[in-house]
Number of protein chains: 2
Amino acid sequence: MALKKKPVNGMKDILPDEMALRTYVIGLIRGTYAGFGFSSIETPVVEHIENLLSKQGGENETLIFKVLKRGKKLDLTKPTTEDAVTDSGLRYDLTLPLSRYYSNHASELPSPFKALQIGNVFRADRPQRGRYRQFTQCDIDVLGDPSYLAEIDLILATTTVLSKLDFHNFTIRINDRRLLKEMALKAGFAEEELGEVFIIIDKLDKIGWDGVRAELEEKYDKVRVDAYLALFEEIGSGEVTENARQMMEEVGSPLLAIIDTVNQTKTADFSMKYDPTLVRGMSYYTGPIFEISMDEYGGSVGGGGRYDEMIGKFTGQQTPAVGFSIGFERIIMLLMERGFQVPGTSGKTAFLVEKKMDADELAPIFQKAMKLRAGGICVDISVMKKNKKFQKQQLTDQGYTDIQEFFNR
Amino acid sequence: MALKKKPVNGMKDILPDEMALRTYVIGLIRGTYAGFGFSSIETPVVEHIENLLSKQGGENETLIFKVLKRGKKLDLTKPTTEDAVTDSGLRYDLTLPLSRYYSNHASELPSPFKALQIGNVFRADRPQRGRYRQFTQCDIDVLGDPSYLAEIDLILATTTVLSKLDFHNFTIRINDRRLLKEMALKAGFAEEELGEVFIIIDKLDKIGWDGVRAELEEKYDKVRVDAYLALFEEIGSGEVTENARQMMEEVGSPLLAIIDTVNQTKTADFSMKYDPTLVRGMSYYTGPIFEISMDEYGGSVGGGGRYDEMIGKFTGQQTPAVGFSIGFERIIMLLMERGFQVPGTSGKTAFLVEKKMDADELAPIFQKAMKLRAGGICVDISVMKKNKKFQKQQLTDQGYTDIQEFFNR
């Protein structure tokens with residue numbers, strides 16, 4: 001029987017060192033958000049295929065692992081289709097299951113409801129270095145709060161987590177979907193052109209202003225493109241200019257209050273930066289959007305925004321919502337690259353026991369171990385090997401600083 | 001668009017109270033086993049279909065959720081079969097993925113390797129009260145240790161976990177597959193009859209000795225059945241009799257040393273009981289087997305045993321192994337029924353803020369919150385509602401003991 005040793009394509013086994021780090025980070029995240037009033041919840045990794053394909057997921061809907069129907073419901077003896085043979089699939093994010101969860105349980109939950117989810121999601125992306133087909137996401141959402149207190153608290157909580165993990169000097173870029181829209185409309189673009197315009201603006205980091213201009217001019221008349229790009233100059237970025245302030249007032253955006261309050265309150269080491277070119281991909285955002293940039297890491301290590309219209313698609317009743325997704329896998333990768341040491345237990349002791357002891361000889365050894373363990377010390381007990389030197393080296397490599405030997409009487 | 005609000009059939013959403021309990025129990029399990037030298041690891045929930053169907057899983061192999069192949073690999077336009085359209089599935093236990101993991105990574109792991117896995121498994125069982133199609137398993141295994149130190153440590157660690165969760169006065173029933181086999185062979189049964197004989201013995205709890213006798217006599221001659229049942233009388237159960245001791249020596253079973261050492265060492269409140277009728281279902285066990293019985297709960301809340309031959313099926317190289325599986329979902333259910341209180345944070349404070357404050361008014365409120373949070377106190381900030389009385393009641397129900405109000409200047 002030839003069993004396969006490797007994990008399925010694009011997924012990975014997690015070795016003890018990385019797992020210790022992940023467990024530590026997850027504990028720190030849970031503890032920190034709990035301090036901000038967030039409750040942990042969980043949804044199944046398997047989700048209705050209708051929900052997964054309901055156009056909330058954009059690109060990700062093409063990457064779903066579909067689960068085969070079972071028993072009589074499945075008929076493969078005739079030509080058929082994917083839709084006919086599947087009724088569920090693996091979730092590709094945590095936002096869609098959260099919307100379903102909230103619509104199912106709203107009456108049992110406080111309002112506003114502050115939810116923390118840490119769980120695996122699945123995307124059949126082309127496997128590449130550091131990107132896997134199963135990976136952990138960490139989402140924080142405030143449901144049912146129309147006020148921008150939610151945005152402020154999400155930013156303060158998330159930056160507190162990063163600070164506790166020894167990340168400093170990062171930037172939170174912030175924008176508002178309403179500002180993004182207003183600027184494009186002011187330049188003369190039509191409502192139905194906005195999606196495409198924003199896709200081009202979103203490429204700014206990669207192609208620069210010249211590239212953006214070129215791509216816009218391929219599709220739109222020069223007058224509107226000129227007007228549009230001039231507006232970005234006028235509005236500026238970084239500090240909120242008088243022009244920007246005016247437009248924020250016009251569209252009713254609370255960006256200024258969010259930036260000011262965070263700046264006056266933050267305990268972590270980061271800066272807030274108004275960025276009128278920030279788009280973020282997901283089309284469901286309706287208000288403030290934000291993204292964490294870290295110099296150490298080229299891209300974003302987290303982001304989110306307000307999406308006041310998504311949950312209503314389940315409930316039929318509009319529910320304001322704002323969420324943040326932390327790039328859990330990226331943060332783990334950065335911490336590993338940096339050699340981050342998980343704060344350890346108070347001590348690690350190894351007992352090496354000679355072979356073939358009877359119960360009366362073993363009992364006092366195990367008793368000693370149990371006493372140390374009760375005092376918070378890790379004690380590993382194993383049989384002495386022939387190559388004791390190698391065995392001790394292995395134990396030392398695992399962090400055992402105290403190695404005790406026990407011999408037969 | 002009609003999205004589905006309920007989870008997929010047989011799976012469940014986890015609400016905040018249960019989630020807080022689960023998170024607490026998982027933390028306690030990880031911390032306790034770490035103190036015994038166990039490392040946490042993780043494998044993907046998706047596994048190769050060939051591995052899942054390799055006859056390690058018994059019954060469970062009929063309950064697999066299969067994952068559809070993707071892209072060009074999938075052809076549904078012609079009549080086809082399940083095997084042709086699937087290449088992976090959701091794992092139904094943690095033992096099979098552990099064997100694959102160990103065979104893939106043995107050279108990077110210490111020997112013996114003590115592994116802790118907590119993860120979701122999937123079985124398309126008929127849904128019923130308290131049994132779900134996605135549920136969490138908690139497995140602890142010692143790989144590469146032929147000595148019974150492994151059994152002792154597994155029992156001590158697991159009972160320490162249960163004791164910390166305030167479970168007392170439970171029983172660990174222990175037997176050895178070699179004793180079970182020896183007794184049946186002594187009574188005259190043939191090697192190839194043993195599987196069926198054990199299935200009948202395994203029903204003892206449900207049908208009693210009379211039932212066992214009747215079922216055995218249906219299939220086998222009375223002489224052998226008489227001899228077999230007389231042997232159980234002779235051997236006795238509970239205390240290890242002289243007859244039992246002799247047979248343990250004959251087959252080289254370390255049960256006595258395990259029982260004695262555990263009895264002299266244990267810090268939790270439980271008793272060890274030799275039970276010559278203990279079978280445990282899985283056919284892969286080769287040595288000592290054990291099961292935790294709790295009066296509060298009819299059945300078993302965990303069990304395990306030695307399975308020295310399974311990992312060799314992946315590696316081609318025999319690797320001694322012994323494992324324990326804790327009935328995580330049952331333990332959570334028992335704790336919830338009992339109203340177990342998760343040891344809380346040091347305090348929960350709610351700030352109610354009047355609507356429409358500007359940044360200068362909000363900043364000192366958020367600053368105050370951040371100071372309290374840094375001191376380990378949970379602070380929830382939300383906007384004051386019209387029905388403040390109801391809002392305060394909701395917060396009190398969530399455990400907020402201190403509610404402070406902040407008004408506009």
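Bear in mind that the values here come from a model prediction, so they are computed numbers and not experimental data.

Novice: Which residues make up the overall build of chain A, and what values do they have?
Specialist: Summing up its helical and strand segments, chain A has 15 helices and 14 strands in all. Its C-alpha atoms put chain A at 95 × 65 × 45 Å along the principal axes. Buried positions account for 57% of the 409 residues belonging to chain A. A separation threshold of at least 6 residues defines the contact pool for chain A, and within that pool the share at least 24 residues apart is 69%. Between the centroid of the 53 positive side chains of chain A and the centroid of its 59 negative side chains there is a distance of 10 Å.

Novice: I'd like a description of the domain arrangement of chain A, backed by residues and values.
Specialist: Split into domains, chain A comes out as domain 1 (8–167 + 296–343), domain 2 (177–268) and domain 3 (348–406). On a C-alpha basis, the centres of domain 1 of chain A and domain 3 of chain A stand 41 Å from each other.

Novice: I'd like a rundown of the interface of chain A and chain B, residues and numbers included.
Specialist: Listed by partner, the interface residues are 109 residues for chain A and 108 residues for chain B. Interface of chain A and chain B: buried area, both sides summed, is about 9100 Å²; carbon and sulfur atoms make up 60% of it. For the chain A face of the interface with chain B, the top three residues by lost area are L3, K5 and R70 of chain A, together amounting to 8%. At the junction of chain A and chain B, the tally comes to eight salt bridges. A salt bridge links R373 of chain B to D153 of chain A, with the shortest nitrogen-to-oxygen separation between them at 3.3 Å. Where chain A touches chain B, the interface holds 49 residue pairs in polar contact (both at pLDDT 80 or more).

Novice: Can you tell me about the pattern of salt bridges, naming the residues and giving the values?
Specialist: The tally for this structure, following the rule as stated, stands at 62 salt bridges over all chains. For R22 of chain B, the salt bridge goes to E18 of chain B, with nearest N and O atoms at 2.9 Å. On the criterion of helical spacing, the pair formed by R22 of chain B and E18 of chain B is a turn pair, its members being four residues apart in helix α1 (residues 16–35). Overall, E18 of chain B belongs to the buried group, its relative accessible area being 12%. Via salt bridges that share partners, K12, E18, R22 and E329 of chain A belong to a single interconnected network.

Novice: Lay out the pairing of strand β7 (residues 170–176) of chain A with the relevant residues and their values.
Specialist: Two faces belong to every sheet, and in a regular strand the side chains alternate between them. Residue and element names in this part refer to chain A. The element β7 is extensively covered by neighbouring structure, given that six of its seven residues are classed as buried. Here β7 runs beside strand β8 (residues 270–274); their pairing, made up of five bridges, is parallel. The residue of β8 that forms the bridge with T171 is S271. Of the pairings in the sheet, the one linking β7 to strand β9 (residues 288–294) comprises six bridges and is antiparallel in character. Across the sheet, residue T171 finds its bridge partner in β9, namely S293.

Novice: Can you break down the nonpolar core residue by residue, with the values?
Specialist: Of all hydrophobic cores here, the largest spans 86 residues; its most connected members are I155, Y228 and Y274 of chain B. Top element by residues in this core is helix α5 (residues 149–164) of chain B. It accounts for nine residues. Core analysis: the second largest hydrophobic core is formed by 85 residues, Y33, I174, L180 and F290 of chain A among them.

Novice: Could you give an account of empty space enclosed by the protein, with specific residues and numbers?
Specialist: One simple way to see leftover space: roll a probe sized like a water molecule over the atoms. Per the stated rule, a full pass over the model turns up six cavities of 30 Å³ or more. There is about 140 Å³ of room inside the largest cavity. Lining the largest cavity are 14 residues, with P110 and P112 of chain A together with D380, L395 and Q398 of chain B sitting closest to its centre. Counting only elements with at least two residues in the lining of the largest cavity, the list comes to β5 (113–122) of chain A together with β13 (378–383) and α15 (388–397) of chain B.

Novice: Lay out the relation of the copies chain A and chain B in plain terms, naming residues and giving numbers.
Specialist: Of the two same-sequence chains, chain A is brought onto chain B (RMSD 0.1 Å, axial shift 0.0 Å) by a rotation of 180°. In the structure described here, the two chain copies are related by an operation that fits a two-fold rotation axis. Considering only C-alpha atoms, the part of chain A nearest the rotation axis is V67 of chain A, at 2.3 Å.

Novice: Any chance you could break down the packing of aromatic side chains for me, citing the residues and the numbers?
Specialist: For the structure on display, the rule yields 23 aromatic pairs over all chains. Consider the rings of W209 of chain A and F232 of chain A, whose centres lie 5.3 Å apart with planes at 50°: the pair is tilted. Note that W209 of chain A is positioned in helix α8 (residues 204–219) and F232 of chain A in helix α9 (residues 222–235), a separation of 23 residues in sequence. Under the relative-accessibility criterion, F232 of chain A is labelled buried at 6%. When the ring of F351 of chain B is compared with that of F406 of chain B, the centres are 4.8 Å apart and the planes differ by 55°; the resulting orientation is tilted. Of this pair, F351 of chain B sits in strand β12 (residues 348–353) while F406 of chain B sits in strand β14 (residues 402–406), placing them 55 residues apart in sequence. On the basis of relative accessibility, which here comes to 0%, the residue F351 of chain B falls in the buried class. Put simply, the rings of F189, W209, Y220, Y228 and F232 of chain A pair up and form one aromatic cluster. The ring of F38 of chain B carries the charged tip of K114 of chain B above its face, separated from the ring centre by 5.9 Å.

Novice: Explain the packing of helix α6 (residues 177–186) of chain A against helix α10 (residues 242–251) of chain A to me, and be specific about the residues and the numbers.
Specialist: Residues and elements named next belong to chain A. Look at α6 against α10: their axes get within 10 Å of each other, and the N-to-C directions meet at 100°. By the angle class used here, α6 and α10 are roughly perpendicular. Seen from α6, the contacting residues are R178, L179, E182, M183 and K186; seen from α10, they are M247, M248, E250 and V251. Within the contact of α6 with α10, the residues separate by chemical class into five nonpolar, no polar and four charged.

Novice: Summarise helix α13 (residues 328–337) of chain A; cite the residues concerned and give the values.
Specialist: The complete set of buried residues in α13 of chain A reads F328, E329, I331, I332, L334 and L335 of chain A. Elements in contact with the buried residues of α13 of chain A: α1 (16–35), β6 (134–143), α5 (149–164), β9, β10 (297–306) and β11 (321–326) of chain A.

Novice: Lay out the packing of helix α7 (residues 194–201) of chain B against helix α8 (residues 204–219) of chain B with the relevant residues and their values.
Specialist: All names here are of chain B. At a minimum axis distance of 8 Å, the contact between α7 and α8 shows a crossing angle of 145°. The residues of α8 that touch α7, namely those facing E196, V197, I200 and I201, are L204, V212, E215, L216 and K219. In terms of residue class, the contact of α7 with α8 is built from six nonpolar, no polar and three charged.

Novice: Just give me the short version of the sheet that holds β10 of chain A, but keep the residues and values in it.
Specialist: Residues and elements named next belong to chain A. Strand order across the open sheet formed by eight strands is β1-β5-β6-β11-β10-β9-β7-β8, with mixed pairing between neighbours. In the strand order of this sheet, the two ends are held by β1 (39–40) and β8, each with one partner. Sheet topology note: the β10/β11 ladder contains five bridges and is antiparallel. Each residue of the ladder has a partner; that of G304, found in β11, is F324. Contacting β7, β8 and β9, α6 crosses the sheet at an angle of about 55° to β7.

Novice: Hey, could you go over the environment of S325 of chain B for me, with residue numbers and the actual values?
Specialist: Residues and elements named next belong to chain B. Structurally, S325 can be placed in strand β11 (residues 321–326). Residues S325 and D139, 186 residues apart in the sequence, show an inter-C-alpha distance of 4.4 Å. Within polar-contact distance, the side chain of S325 engages the side chain of D139 at 2.8 Å.

What counts as what
- Residues numbered from 1 in each chain as written.
- Chains lettered and ligands numbered in written order.
- Predicted model: local features only at pLDDT ≥ 70, side-chain atom pairs only at ≥ 80, totals over all residues.
- Heavy atoms only, no water.
- Helix = DSSP H or I, 4+ residues; strand = E, 2+ residues; numbered from the N terminus.
- Buried < 20%, exposed > 50% of the residue type's maximum accessible area, 1.4 Å probe, protein only.
- Contact = heavy atoms within 4.5 Å.
- Lys, Arg positive; Asp, Glu negative; His and termini not counted.
- Charge placed at Lys NZ, Arg CZ, Asp CG, Glu CD.
- Domains from an automatic or database assignment.
- Buried area = accessible area lost by both parts, 1.4 Å probe.
- Salt bridge = Lys/Arg side-chain N within 4 Å of Asp/Glu carboxyl O.
- Polar contact = N/O pair within 3.5 Å; in protein donor to acceptor, adjacent residues only side chain to side chain.
- Pairing = 2+ DSSP bridges.
- Core = buried A, V, L, I, M, F, W, Y, C linked by side-chain atoms within 4.5 Å.
- 1 Å grid on protein atoms, 1.4 Å probe; cavity = no way out; pocket = protein on both sides within 12 Å on 5 of 7 lines; lining within 4 Å.
- Points joined across faces, edges and corners; volume = space filled by probe spheres on them.
- Least-squares fit on C-alpha atoms with pLDDT ≥ 70 in both.
- Phe/Tyr/Trp six-rings, centres within 6.5 Å; stacked < 30°, edge-to-face > 60°.
- Lys NZ or Arg CZ within 6 Å of the ring centre and 35° of its normal.
- Axes fitted to C-alpha atoms, helices over the stretch in contact; angles between N-to-C directions.
- Parallel < 35°, antiparallel > 145°, perpendicular 65-115°, else oblique.
- Nonpolar A, V, L, I, M, F, W, Y, C, P; charged D, E, K, R; others polar.

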